[in-house]
Amino acid sequence: MMDKTFDPAQVEVRISAAWEAAQAFRAGRPERTEAEPYTIVIPPPNVTGSLHMGHALNNTLQDILCRFERMRGKDVLWQPGTDHAGIATQMVVERQLMQNQEPGRRDLGREKFLERVWAWKAESGGAIVNQLKRLGASCDWSRERFTMDEGLSRAVLKVFVELHRQGLIYKDKRLVNWDPKLLTAISDLEVQQVEVKGHLWHFNYPLEGVAYDAEDPSTYITVATTRPETMLGDTAVAVHPENEKLGHLVGRNVVLPLVGRVIPIVGDTYADPEKGTGAVKITPAHDFNDFEVGRRHDLPLINILDAEGRLTLADNEAFLAGLPLAGDLAAVMALHGMDRAEARKAVIALMDERGLMPLVETYVHQVPHGDRSNVVIEPWLTDQWYVDAKTLAQPALAAVRDGRTSFIPGNWEKTYFEWLDNIQPWCISRQLWWGHQIPAWYTPWGTVHVAETEDEAFAMALAEGVENGALSAEEAEAAASDPQKLAGMFRRDEDVLDTWFSSALWPFSTLGWPDDAPEVKRFYPTSVLVTGFDIIFFWVARMMMMGLHFMGEIPFRDVYIHALVRDEKGAKMSKSKGNVIDPLDLVDSYGADALRFTLAAMAAQGRDIKLATSRVEGYRNFATKLWNAARFAEMNGCVRRADFVPANVEGSTNRWILGETARAVSEVTAAIEAYRFNEAANAAYRFVWNTFCDWYVELSKPVLQGDDGAAKEEARATTAFVLDEIVKLLHPFMPFLTEELWAIKGQEGPARTSVLALASWPTLEGLAHPEAEAEIGFVVDLISEIRSVRSEMNVPAGAQMPLVVVGADAGLRTRIERNLDTLKRLARIPEVTFAETPPSGSAQMIVRGALVALPLEGIIDIAAERTRLAKEIGKQEGEVKKIDGKLGNADFVRRAPEEVVEENRERRADAVSRIEKMKAALERLS
């Protein structure tokens, strides 16, 4: 006997254990060696991470695909693993050391600190893996990988060394996003733009060769800046060549205030004549745009800040080069060692004292901050390792342009192209200790050797030393036999690789590359990547580059880009807003299946999900509805039968439900294949809740609860069969509930041969029954219309009205008479009559071409009802007009919060829907 209610907490643990015991998610099962492979690599979550709603959506969609294809007989590999998350993990351990009042990272030294990180990883890392299992993720957990495990580390070394040998990895001095608190370069993804209410300072730069006069604009050029302190590193002023007001100054020089350096005025289109003063100070060593201007005009690079964001002037050769030892230089040199924020105040004061600051404006602008340190990020000139991304990007661009890899939705291809067409060298070095240490060794004579092993690098260095005379053959031979001496002679690069470097190899390194592993041949290229739009450039594009370069083949055929999960008002979830929804809280309250189905049902392509707890509760009720239907079947003796042949069914209602089941299977299959997860979920929902539970069960009750006989046996067998198809159909979305029902229903009838996760996907060709659909479908539509009229026209619940069928032919009469008891029972009508014209004062409906009427005279005040409907229509049309006024105002759409604009769009859609229904009701009374 089934339990009265479905208890997710109790069932989920047991079902997870059953899957594990059956090794249900293992790739390469013996019976599938000849099957078509299907591969997805999980976007590896940070080892420090906890499951958030983005993970829940991403992994639910991947799991739907994997469970679907596994049931279709494919050899599915869903490759799991975690990312070592360089900065995040290092910060966690450093914070732990501080909280425990233990020696810090620098005090411990690199080796001891890394031991602590590995210990933390073993003890606390990877909690997210267990959280993914709670969600029902059907990864092949026996193959779990980590971006710093031994195999993946060898892959990273091989790729670095080969790219370096090919000239595609090199060291260069360029600007990076520098975090002056964490003392490392960071990626663009780790930079948050924060809106700041600051100032725009206007500075006069005197022209060379003329006496400066603040009252005479011909003696100076005015620039505007949000970063006054960087002016000390200015090496030019830029003006648009076609600037009518200032263009004549191009080619002249200015004397940089305070410093005395003579710098040119260059013509460059970067300077917008309509913005600010029309002239832009150019500091190539402290601004990404200025860096590019500097390259175009061969300007010197003067870095005036140290790694911690303090002014470095006194010992700065680039800054001091060619400076006259006069003027304000003494005042400027007093700023040496000053923090950048204090230096800003000092520079402003010096400029103001000298009458060189004519204007200060309040200015709201975006300032880059580190997402972990929360300090202002500094564009900083430093030596780093780079990948020649421009060269690697060309095959990656071609693969998408020629259709070998497709983006879904297709509009994301434009974003991909824009990023890759304008790609810059990729900075891959990080000033951290936790990560893949760069395999480069420096010699005392100033060269560098890149190799996969220390021994190989040392051998190369010693041979070079002998060749160039830096070492004698005897010295080299002595060093080669003394590891301690070697280690002291050659210094390894202390930096580690950007986390995205190892992640870029994920689709093939996880399969065993660079070894000749059979899994590489079997499962590469992968079938689809499911990921968020924010890492198309950081991860997707780089996997394309590395996959094509090292494997000679695309890493995935499809890239499905899902949207964001927002709160119910459409606002982005954030801790500061207090609107973050924890997916595990929802799993605890409503079960994993309810959360999964919610996310799938709302995952429309290109549309963000507005998640309300009420929606999850609603789909929990859906699970309850199916559970109750299964209990109803059990109580009515509906048991699976080995001799049941769906095509031989004779009863119209049974034929109808089998045809509807086949239709639902077809719709769900097509939708999943097209990555239309919401359409797949909603098609399954409509069929299960409406068609099966609301209609078939109700239509079948008289037979199931009536006298024994062939009709009853057929209804029982049909019900049991359809329930089996339902649990298969819903399994990708609601794996725990369906696996439990599969086991329960398998206790009677033919023995199950596998868990549901390994059962076959439904194939129900040839079960469409047009005659049964025409009859039962008409009955369903007629009852639905009658119920709508009662609801929309405020007909009292207990009111008894006959149904009048107008102008019925013999076929329609027969159909009505054959289903008369059903109509009376479910539409709550006392009788059905036939007439040639509709009675006056009736609501008229056309159902599949048949005209029917419900006499309402004496039951409701028809005139008053018409007036009410007309008034309500007018009110709603006024609401639509009011909302259209707002949405048609470009200023409102631009300024209003995104969630407010979306709320207005939804209110408009609701009002339009109500208008349509009320107009239909009014028309019925006409």
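Residues numbered from 1 in each chain as written. Predicted model: local features only at pLDDT ≥ 70, side-chain atom pairs only at ≥ 80, totals over all residues. Heavy atoms only, no water.

Draft legend 1. Examining the packing of aromatic side chains more closely. Enumeration over the complete set of coordinates arrives at 38 aromatic pairs. Pairing Trp-118 with Phe-146 gives two aromatic rings, centres 5.9 Å apart and planes at 80°, and the pair type is edge-to-face. Within this pair, whereas Trp-118 is found in helix H5 (residues 110-123), its partner Phe-146 is found in strand E4 (residues 145-146), the two being separated by 28 residues in sequence. Aromatic pair Phe-407 and Tyr-416: ring centres 5.1 Å apart, planes at 50°, arrangement tilted. There is no split in this pair, since Phe-407 and Tyr-416 are both buried. Joined through ring pairs, the aromatic side chains of Phe-597, Tyr-619, Phe-622, Tyr-685, Trp-689 and Phe-733 make up one cluster. (Phe/Tyr/Trp six-rings, centres within 6.5 Å; stacked < 30°, edge-to-face > 60°. Helix = DSSP H or I, 4+ residues; strand = E, 2+ residues; numbered from the N terminus. Buried < 20%, exposed > 50% of the residue type's maximum accessible area, 1.4 Å probe, protein only.)

Draft legend 2. Quick peek at the layout of surface pockets. Roughly 1500 Å³ of volume is contained in the second largest pocket. Residue lining of the second largest pocket: 48 residues in total, with Thr-226, Arg-227, Asp-287, His-365 and Gln-366 positioned closest to the centre. With 8 residues, strand E7 (residues 191-206) is the largest single contributor of residues to the lining of the second largest pocket. A breakdown of the residues in the lining of the second largest pocket according to their chemical character gives 18 nonpolar, 16 polar and 14 charged. (1 Å grid on protein atoms, 1.4 Å probe; cavity = no way out; pocket = protein on both sides within 12 Å on 5 of 7 lines; lining within 4 Å. Points joined across faces, edges and corners; volume = space filled by probe spheres on them. Nonpolar A, V, L, I, M, F, W, Y, C, P; charged D, E, K, R; others polar.)

Draft legend 3. Summary view of the nonpolar core. Counting residues in each nonpolar core, the largest one holds 215 residues, and the members touching the most others are Tyr-416, Phe-501, Met-546, Phe-692 and Phe-733. For Tyr-416, the residues in contact, after removing those within four places along its chain, are Ala-396, Leu-397, Val-400, Phe-407, Ile-536, Ala-541 and Met-544. Grouped together as the second largest cluster of nonpolar side chains are 43 residues, Leu-207, Leu-232, Leu-329 and Met-357 included. (Core = buried A, V, L, I, M, F, W, Y, C linked by side-chain atoms within 4.5 Å. Contact = heavy atoms within 4.5 Å.)

Draft legend 4. Representation of the sheet that holds strand E5 (residues 169-179) within the structure. Judged by pairing direction, the sheet is antiparallel, and its 4 strands sit side by side in the order E6-E5-E14-E16 without closing on themselves. Whereas interior strands pair on both sides, the edge strands pair on one side only; in this sheet they are strand E6 (184-186) and strand E16 (426-427). By the bridge criterion, 3 bridges tie E5 to E6 in an arrangement that is antiparallel. Residue pairing across strands places Asn-177 opposite Ile-186, the latter belonging to E6. (Pairing = 2+ DSSP bridges.)

Draft legend 5. Expanded view of unusual backbone geometry. In this chain, Trp-513 is followed by Pro-514 through a cis amide linkage whose omega measures 15°. Mapped onto the secondary structure, Pro-514 falls in the loop between helix H18 (506-509) and helix H19 (518-523). Here Tyr-524 and Pro-525 are connected by a cis peptide whose omega angle stands at 0°. You will see that Asn-374, though not glycine, has its phi angle at about 65°, which is positive. With respect to the secondary-structure elements, Asn-374 resides in the loop between strand E13 (359-370) and strand E14 (378-387). According to the relative accessible area criterion, Asn-374 is exposed, its value standing at 54%. In the Ramachandran plot, Arg-828 falls in the positive-phi region, its phi being about 55° despite a non-glycine side chain. Along the chain, the position of Arg-828 falls in the loop between helix H30 (820-827) and strand E27 (832-835). Of the residues examined, Arg-828 reaches a relative accessible area of 42% and is grouped as partly exposed.

Draft legend 6. Up close: the pattern of salt bridges. What the rule picks out here adds up to 63 salt bridges. Notably, a salt bridge pairs Glu-36 with Lys-74, separated by 3.9 Å at the nearest N-O pair. Remark: Lys-74 occurs in the loop between helix H2 (53-71) and strand E2 (75-79) and Glu-36 occurs in the loop between helix H1 (8-21) and strand E1 (37-41); sequence separation between them is 38 residues. A salt bridge links Glu-342 to Lys-345; the nearest nitrogen and oxygen atoms lie 3.5 Å apart. Here Lys-345 and Glu-342 lie together in helix H11 (residues 340-353), a separation of 3 residues that amounts to about one turn. One connected set of salt bridges, linked through shared partners, spans Glu-36, Glu-69, Arg-72, Lys-74 and Glu-673. (Salt bridge = Lys/Arg side-chain N within 4 Å of Asp/Glu carboxyl O.)

Draft legend 7. Layout of the sheet that holds strand E20 (residues 491-492). The 3 strands lie next to each other as E19-E18-E20, forming an open sheet whose pairing is antiparallel. Every interior strand has two partners, whereas the edge strands, strand E19 (448-450) and E20, have only one. As defined by bridge partners, strand E18 (residues 440-442) adjoins E20 across 2 bridges and the pair is classed as antiparallel. Its bridge partner being in E20, Trp-441 is matched across the sheet by Arg-492. Along the sheet, helix H14 (residues 454-468) makes contact with E18 and E19, crossing E19 at roughly 145°. (Axes fitted to C-alpha atoms, helices over the stretch in contact; angles between N-to-C directions.)

Draft legend 8. Representation of the environment of Arg-825. Position of Arg-825 relative to the elements: it lies in helix H30. Distance in space between the C-alpha atoms of Arg-825 and Leu-57 is 43 Å, their sequence separation being 768 residues. Discounting chain neighbours no more than four positions away, the residues touching Arg-825 are Glu-698, Leu-699 and Pro-702.

Draft legend 9. Structural context of the packing of helix H7 (residues 150-165) against helix H20 (residues 536-551). One can describe the packing of H7 onto H20 by two numbers: an axis separation of 12 Å at closest approach and a directional angle of 80°. Between H7 and H20, the angle is such that the two are roughly perpendicular. On H20, the residues touching Val-159, Glu-162 and Leu-163 of H7 are Met-546, His-549 and Phe-550. Across the contact of H7 with H20, the residue classes tally to 4 nonpolar, 1 polar and 1 charged. (Parallel < 35°, antiparallel > 145°, perpendicular 65-115°, else oblique.)

Draft legend 10. Main features of empty space enclosed by the protein. Applying the stated criterion to the full structure yields 2 cavities of 30 Å³ or more. There is about 40 Å³ of room inside the largest cavity. Forming the walls of the largest cavity are Ala-24, Phe-25, Arg-26, Arg-29, Arg-32, Arg-70, Lys-74, Asp-75, Val-76 and Leu-758. Each residue belonging to the lining of the largest cavity can be placed in one class, and the counts come to 4 nonpolar, no polar and 6 charged. Its boundaries defined by the atoms lining it, the second largest cavity holds a volume of some 30 Å³. Every residue along the wall of the second largest cavity is listed here: Leu-57, Tyr-560, His-562, Ala-563, Leu-564, Ala-603, Ala-604, Arg-607 and Ile-609. Here the residues of the lining of the second largest cavity are counted per class, giving 7 nonpolar, 1 polar and 1 charged.

Draft legend 11. The arrangement of the pairing of strand E29 (residues 850-855) in detail. Here E29 lies mainly inside the structure; 5 of its 6 residues are buried. Summarising the sheet, strand E26 (residues 803-806) and E29 pair through 3 bridges and their orientation is antiparallel. From the neighbouring strand, Val-806 faces E29, where its bridge partner is Leu-851. As paired elements, strand E28 (residues 842-847) and E29 share 6 bridges and run antiparallel to each other. Each residue of the ladder has a partner; that of Ile-846, found in E29, is Leu-851. Taken together, E28 and the strand that follows it, E29, pair antiparallel across an intervening segment of 2 residues, in which Arg-848 is found at a positive phi of about 50°.

Draft legend 12. Geometry of the environment of Pro-228. Here Pro-228 is to be found in the loop between strand E8 (220-225) and strand E9 (236-239). Given a relative accessible area of 0%, Pro-228 falls into the buried group. Put simply, Pro-228 and Tyr-696 are 468 residues apart on the chain and 76 Å apart in space, counted from C-alpha to C-alpha. The residues touching Pro-228, leaving out its near neighbours within four places in the chain, are Trp-201, Phe-203, Arg-344, Val-347 and Ile-348.

Draft legend 13. Here's a closer look at the environment of Thr-230. With respect to the helices, strands and loops of the structure, Thr-230 is situated in the loop between E8 and E9. When the C-alpha atoms of Thr-230 and Val-293 are compared, they prove to be 16 Å apart, with 63 residues separating the residues in sequence. For Thr-230, the side chain forms a polar contact with the side chain of Lys-281, separated by 2.9 Å. (Polar contact = N/O pair within 3.5 Å; in protein donor to acceptor, adjacent residues only side chain to side chain.)

Draft legend 14. Local environment of helix H26 (residues 710-730). The first and last C-alpha atoms of H26 sit 30 Å apart over 21 residues, in line with the 30 Å expected at 1.5 Å per residue. With respect to burial, H26 is a largely interior element, 18 of its 21 residues being buried. (Expected span 1.5 Å × (residues − 1).)

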